[in-house]
Amino acid sequence: MIKEMTPLQKLIAYSTLGLILFWTAFGLFTIWLYLTEF
Amino acid sequence: MKLSAEAQSVLETSMRINNTDDNERQEIEKVISSMPDDRVLLYKNVVSNPIGDIYRYSIHIRIQHMLTFVTFLTLAFTGLPIAFLDHSWAQPLNGLIGGIDISRVIHRTLAAVMVLSMVYHVVYLFYVSTKEILQGKFELRRSIIPTFRDITVFKEDMQYFFGKREQRPEMDKFMYKQKIHYFAAAFGNLVMVISGSSFIFPEFWAAIIPASSASFFQELMRLSHPHEALLALLVIAFWHWYNVHLAPGRFPMQWTFLTGKITREHQIEEHFLEYLRNLVELPEEREYLQNLLDARELSLDVEDEFKIAEEET
């Protein structure tokens, strides 16, 4: 069992997650643009 | 718990390396004998700090990861619009950081930082491994170097995922997936550095490569640089980030890259052999586990539990 994160830990973890999801979206968007030769 | 031959061997080696005395040996054997055979029962019952309990990566490895991680993302951000310059979408992205001339400078500066972090990593690995070898503490199976056992472990883990096996196999500090990922990244970095350097220093490569294939080499490098970059981006987005952020048990983030520590639960589940070493090396971990096992009577098997339940009723 993993203990609940503190609010600060949650803030760090979820903002990092947000950042990587943004990057995933950006990467996929760029690849899509490339593949479709937009 | 009755240990497998591999686990027993890991334990013996660790006790030998750490010069474990008889008292400690008894303590270790006691805690292991009271562990339940079902490791799922064990790792689901231990309490973990979300940001990690057990030391795993030194500050150097964390700095190297951070350097690679930051440079990788920014290199991808500046590199893609350079590679696909003739595409209409590339112009605004280049414009964001002041146009192609600026983004080229940023891209090359970051590339130099990435190369430095690779050099830092190789020098550090060489230093640590040499030190361990000289002290007689080096263990090949504890390192990232692939061994034949990884093939068996991979097969057994797949059997588990297909429901043909009760438990995941006993894995070492680095499991098969991490080894594949590590060498894929190492190879990818090498491809990026060689191809990238062939754009900045064509004369250097022309002097090394035979004249007959110099032009072919340049063409090959022109092709591999952007394609390896796309491949790396996909691997990072779909594989690495899944494993360290989205996978059940890791969500929303695995903290190891910041704190250098792994959760106890994760260590037992995916790195059980390393956890055995932790029991040898860390008296406080031994004490924690023994107290937990005593308190929850996890060591009892199912039949014993039935007996107790019958006696109570």
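Residues numbered from 1 in each chain as written. Chains lettered and ligands numbered in written order. Predicted model: local features only at pLDDT ≥ 70, side-chain atom pairs only at ≥ 80, totals over all residues. Heavy atoms only, no water.

Asks: Could you clarify how one ought to interpret the environment of Lys10(A) in this entry?
Replies: Residue and element names in this part refer to chain A. Turning to its location among the elements, Lys-10 is positioned in helix 1 (residues 7-35). Separated by 16 residues in the primary sequence, Lys-10 and Phe-26 place their C-alpha atoms 24 Å from one another. In contact with Lys-10, other than residues within four places in its own chain, are Glu-4, Met-5 and Ser-15. (Helix = DSSP H or I, 4+ residues; strand = E, 2+ residues; numbered from the N terminus. Contact = heavy atoms within 4.5 Å.)

Asks: Explanation requested: the interface of chain B and chain A in the structure shown.
Replies: By a frequent convention, interface size equals the accessible area lost on bringing the separate parts together. Every contact between the two is made by 34 residues of chain B and, on the other side, 23 residues of chain A. Of the roughly 2700 Å² buried where chain B meets chain A, counting both sides, 81% is carbon and sulfur surface. Counting across the chain B and chain A interface gives 0 salt bridges. The interface formed by chain B and chain A contains 5 residue pairs in polar contact (both at pLDDT 80 or more). Among the secondary structure elements, those contributing two or more residues to the side of chain B that touches chain A are helix 3 (39-45), helix 4 (59-83), helix 10 (211-246) and helix 11 (256-259) of chain B. By residue number, the principal contributor to the side of chain B that touches chain A is helix 10 of chain B, which donates 9 residues. Of the residues contributing to the side of chain B that touches chain A, the split by class is 24 nonpolar, 8 polar and 2 charged. (Buried area = accessible area lost by both parts, 1.4 Å probe. Salt bridge = Lys/Arg side-chain N within 4 Å of Asp/Glu carboxyl O. Polar contact = N/O pair within 3.5 Å; in protein donor to acceptor, adjacent residues only side chain to side chain. Nonpolar A, V, L, I, M, F, W, Y, C, P; charged D, E, K, R; others polar.)

Asks: Where do I start with the packing of helix 1 (residues 5-17) of chain B against helix 13 (residues 272-281) of chain B in this structure?
Replies: Between two packed helices, what matters for the description is the angle formed by their axes and the separation of those axes. Residue and element names in this part refer to chain B. It is the contact of helix 1 with helix 13, at a shortest axis distance of 9 Å, that shows an interaxial angle of 30 degrees. The two elements helix 1 and helix 13 meet at a crossing, and its hand is right-handed. Contact residues: Glu-6, Ala-7, Val-10, Leu-11, Ser-14 and Met-15 in helix 1; Leu-273, Leu-276, Arg-277, Val-280 and Glu-281 in helix 13. Along the lines of polarity and charge, the residues of the contact of helix 1 with helix 13 split into 7 nonpolar, 1 polar and 3 charged. (Axes fitted to C-alpha atoms, helices over the stretch in contact; angles between N-to-C directions. Left-handed = near helix turned anticlockwise from the far one by under 90°.)

Asks: I tried to follow the environment of Trp23(A) on my own but got confused; where do I start?
Replies: Inspection of the secondary structure puts Trp23(A) in helix 1. With sequence-adjacent residues up to four places away left out, Trp23(A) is seen in contact with Leu73(B), Phe77(B) and Trp241(B).

Asks: Would you mind showing me how to read helix 14 (residues 283-296) of chain B here?
Replies: In an α-helix, one turn spans 3.6 residues; hence positions three or four apart end up facing the same way. All names here are of chain B. Compared with an ideal rise of 1.5 Å per residue, which puts 14 residues at 20 Å, helix 14 spans 20 Å between its outermost C-alpha atoms and is within 8% of the ideal. Those residues of helix 14 lying buried are Glu-285, Arg-286, Leu-289, Gln-290, Leu-292 and Leu-293. End-on, the buried residues of helix 14 take up no more than an arc of 165 degrees, which puts them together on one face. Residues of helix 14 that are exposed and angled more than 90 degrees away from the buried face: Glu-284, Glu-287 and Ala-295. In this fold, the buried residues of helix 14 make contact with helix 2 (22-33), helix 3, strand 1 (54-55), helix 12 (264-270) and helix 13. Backbone geometry just downstream of helix 14 places Glu-297 in the positive-phi region, at approximately 50 degrees. (Expected span 1.5 Å × (residues − 1). Buried < 20%, exposed > 50% of the residue type's maximum accessible area, 1.4 Å probe, protein only. Arc of directions from axis to C-beta.)

Asks: Teacher, can you tell me more about the packing of helix 1 of chain B against helix 2 of chain B here?
Replies: Residue and element names in this part refer to chain B. Taken N-terminus to C-terminus, the directions of helix 1 and helix 2 make an angle of 155 degrees; their axes are 12 Å apart at the nearest point. Taken together, the axes of helix 1 and helix 2 lie roughly antiparallel to each other. Crossing angle aside, the handedness with which helix 1 passes helix 2 is right-handed. For the pair helix 1 and helix 2, contact is made by Leu-11, Glu-12 and Met-15 and by Arg-25, Ile-28 and Ile-32, respectively. Among the residues making up the contact of helix 1 with helix 2, the classes are represented as 4 nonpolar, no polar and 2 charged. (Parallel < 35°, antiparallel > 145°, perpendicular 65-115°, else oblique.)

Asks: Explanation requested: the side chain of Thr263(B) in the structure shown.
Replies: Within the element layout of this structure, Thr263(B) appears in the loop between strand 2 (261-262) and helix 12. Judged by relative accessible area, which is 11%, Thr263(B) ranks as buried. If we skip the residues at most four places from it in the chain, Thr263(B) touches Ile2(A), Ser48(B), Asn49(B), Pro50(B), Gly52(B) and Asp53(B).

Asks: Got a minute to help me understand the nonpolar core in this structure?
Replies: In summary, soluble globular proteins display a tendency toward joint burial of nonpolar side chains. All names here are of chain B. By size, the foremost hydrophobic cluster in this structure holds 26 residues, and its most contacted members are Leu-3, Leu-11, Ile-32, Met-35, Leu-276, Leu-279 and Leu-289. Elements supplying a minimum of two residues to this core: helix 1, helix 2, helix 3, helix 13 and helix 14. Examining the composition of this core, we find that 6 residues originate from one element, helix 13, more than from any other. Residues contacting Leu-276, with those up to four places away along its chain left out, are Leu-3, Ala-7, Leu-11 and Ile-32. (Core = buried A, V, L, I, M, F, W, Y, C linked by side-chain atoms within 4.5 Å.)

Asks: Looking at this structure, I do not really get the packing of aromatic side chains. What am I missing?
Replies: Counted under the stated rule, the structure contains 14 aromatic pairs over all chains. Between Phe29(A) and Trp32(A), the aromatic rings sit 6.3 Å apart at their centres with planes inclined by 25 degrees, giving stacked as the arrangement. On the criterion of helical spacing, the pair formed by Phe29(A) and Trp32(A) is a turn pair, its members being 3 residues apart in helix 1. Judged by its relative accessible area of 45%, Phe29(A) falls in the partly exposed class. Judged by its relative accessible area of 46%, Trp32(A) is partly exposed. An aromatic cluster of three or more residues is present, and its members are Phe22(A), Trp23(A), Phe26(A) and Phe77(B). In this arrangement the basic side chain of Arg222(B) is found over the ring face of Phe199(B), its NZ or CZ atom lying 4.4 Å from the centre. (Phe/Tyr/Trp six-rings, centres within 6.5 Å; stacked < 30°, edge-to-face > 60°. Lys NZ or Arg CZ within 6 Å of the ring centre and 35° of its normal.)

In short, the description is geometric, and any link to function would need to be established separately.
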